[in-house]
Amino acid sequence: MAKTLTFALMDPPFENARSTTALRLIDLAVKGGFNVNVFAYEGAVYLPFAKQAQHPNAVHGRTVEEENHPLPRSWIAALMKEAGAKGLKLDWVNCGLCVDERGAAEAIEGVRRGSPADFWNFAQNSVNTLVIGTK
Amino acid sequence: MKVLNIVEAAYRGTLEEQDDTIVWFCHAMKGANADIDVLLRGNAVNYAVKAQDASGLSFGDARQTQPPQLANDLVKLNGKGVKIFVVEDALRERGIEPSELIDGLDFVPRAKLAKLFADYDQVWHW
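Note that the structure is predicted; figures quoted are calculated from it, not measured. (Residues numbered from 1 in each chain as written. Chains lettered and ligands numbered in written order. Predicted model: local features only at pLDDT ≥ 70, side-chain atom pairs only at ≥ 80, totals over all residues.)

Novice: I'd like a rundown of the overall build of chain B, residues and numbers included.
Specialist: Across its full length, chain B carries five helices and seven strands. The C-alpha radius of gyration of chain B comes to 15 Å, within 12% of the 14 Å expected for a compact globule of 126 residues. Looking at chain B residue by residue over its 126 residues, the buried ones come to 28%. Counting only contacts in chain B whose residues sit at least 6 apart along the sequence, the fraction spanning at least 24 positions is 70%. (Helix = DSSP H or I, 4+ residues; strand = E, 2+ residues; numbered from the N terminus. Rg over C-alpha atoms; globule rule 2.2 N^0.38 Å. Buried ≥ 20, exposed ≤ 12 C-beta atoms within 10 Å, placed from the backbone. Contact = placed C-beta atoms within 7 Å.)

Next comes the structure, spelled out in structure tokens:
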């Protein structure tokens, strides 16, 4: 049976390198055969926000297709797909109150709503937990 | 499992949230029977100062009616059985006297943090 790792994330997308680094760590965990739990707290609930959209970039001189702007929601969906293909699970829980105060309810498929009690439960049933707080 | 939660990023969103998000998170986890304690370090040691008053914020006719009461939130957390550790050096560096602080705190010198961490299964640095 695969072991499980838990991550707590707090940063919103498109603000700093911690969010991308966290997803890279999650990717490595999945590649290493771990189930992964993620508790997204505060601004991190926008990481899987379904309405993130690509745009053209006039400064780069590229159309929307050429620019192919990265979207964290797509990366998370890809990570969930990657985990599923390996018989693993990426269980992503968005803090419900954080979602409400930000109007971020429209998340991609596979994201569910939860509370700090879910995070504590995650941590108790994982071999280790990494908190990546915001600064 | 026993976990020490380190709070260092201070006054981050406290006016909007009307609390500190990690102290709030610890209240919620304690409500789920989590075995946790809290360590205040860096600027977050100021959370334990009794006299702070964040009331009075207003924009036009929009007034904040429930300003954060950070020291009181710590008192309540402590009352639920959560130890509140404070780094002594961080207090001294900021000129904060022990008499200015809430009751019930556990003081720890920076040099003994590693020993404190060893008492816990996990340490979460928020």
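Alright, that's what it looks like, and here's the rest.
Novice: Account for the packing of helix α1 (residues 17–31) of chain A against helix α3 (residues 72–85) of chain A, with residues named and values stated.
Specialist: Residues and elements named next belong to chain A. Relative to each other, α1 and α3 sit at 10°, their axes nearing to 10 Å. As summarised for this structure, α1 and α3 are arranged roughly parallel, according to the angle between their axes. In this structure, α1 uses Ser 19, Leu 23, Ile 26, Asp 27 and Val 30 to contact α3, whose residues at the interface are Pro 72, Trp 75, Leu 79, Glu 82 and Ala 83. Counted by class, the contact of α1 with α3 contains seven nonpolar, one polar and two charged residues. (Axes fitted to C-alpha atoms, helices over the stretch in contact; angles between N-to-C directions. Parallel < 35°, antiparallel > 145°, perpendicular 65-115°, else oblique. Nonpolar A, V, L, I, M, F, W, Y, C, P; charged D, E, K, R; others polar.)

Novice: Report on the interface of chain B and chain A, specifying residues and quantitative values.
Specialist: Counting residues at the interface gives twelve residues for chain B, matched by twelve residues for chain A. Elements supplying a minimum of two residues to the side of chain B that touches chain A: α2 (21–31) and β7 (122–125) of chain B. Element by element, the count of residues in the side of chain B that touches chain A is highest for α2 of chain B, at four residues. Looking at side-chain class alone, the side of chain B that touches chain A contains nine nonpolar, three polar and no charged residues.

Novice: Let's hear about α3 of chain A: which residues, and what values?
Specialist: The α-helix winds at 3.6 residues per turn, so residues separated by three or four positions along the chain end up facing the same way. All names here are of chain A. The terminal C-alpha atoms of α3 lie 20 Å apart, and with 14 residues this matches the ideal 20 Å at 1.5 Å per residue to within 8%. Buried residues of α3: Pro 72, Arg 73, Ile 76, Leu 79, Met 80 and Ala 83, and no others. Looking straight down α3, one finds that the buried residues subtend no more than 120° of arc, so they occupy a single side. Exposed residues pointing more than 90 degrees away from the buried face of α3 are listed as Ala 78, Lys 81 and Ala 85. Buried residues along α3 sit against α1, β2 (35–40) and β3 (90–95). (Expected span 1.5 Å × (residues − 1). Arc of directions from axis to C-beta.)

Novice: Go over the nonpolar core with me, naming the residues and quoting the values.
Specialist: Ranked by internal contacts, the top residues of the largest apolar core, which has 68 residues, are Leu 9, Val 36, Val 38 and Ala 40 of chain A together with Leu 40 of chain B. Those residues in contact with Leu 9 of chain A that lie beyond four places of it in its chain are Ala 22, Val 38, Ala 40, Tyr 41, Ala 44, Leu 47 and Ile 132 of chain A. (Core = buried A, V, L, I, M, F, W, Y, C linked by C-beta atoms within 7 Å.)

Novice: Talk me through the sheet that holds strand β5 (residues 128–132) of chain A; I want residue IDs and the actual numbers.
Specialist: All names here are of chain A. In space, the five strands of this open sheet follow the order β4-β3-β2-β1-β5, with parallel pairing throughout. Among the strands making up the open sheet, the edge pair consists of β4 (111–114) and β5. Each strand axis lies, on average, 20° off the axis of its neighbour in the sheet, ignoring direction. Strand direction decides the pairing type here: β2 and β3, joined by five bridges, are parallel. The residue bridging Val 38 from the neighbouring strand is Trp 92, located in β3. Contacting β1 (4–9), β2, β3, β4 and β5, helix α5 (residues 116–124) runs over the sheet at an angle of about 155° to β2. (Pairing = 2+ DSSP bridges.)

Novice: Describe the sheet that holds strand β5 (residues 84–87) of chain B, with residues and values.
Specialist: Residues and elements named next belong to chain B. The sheet built from five strands is open, its strands ordered β6-β5-β2-β1-β7 with parallel pairing. Strands at the two margins of the open sheet, each flanked by one partner only, are β6 (105–108) and β7. Ignoring strand direction, the axes of neighbouring strands in this sheet form an average angle of 25°.

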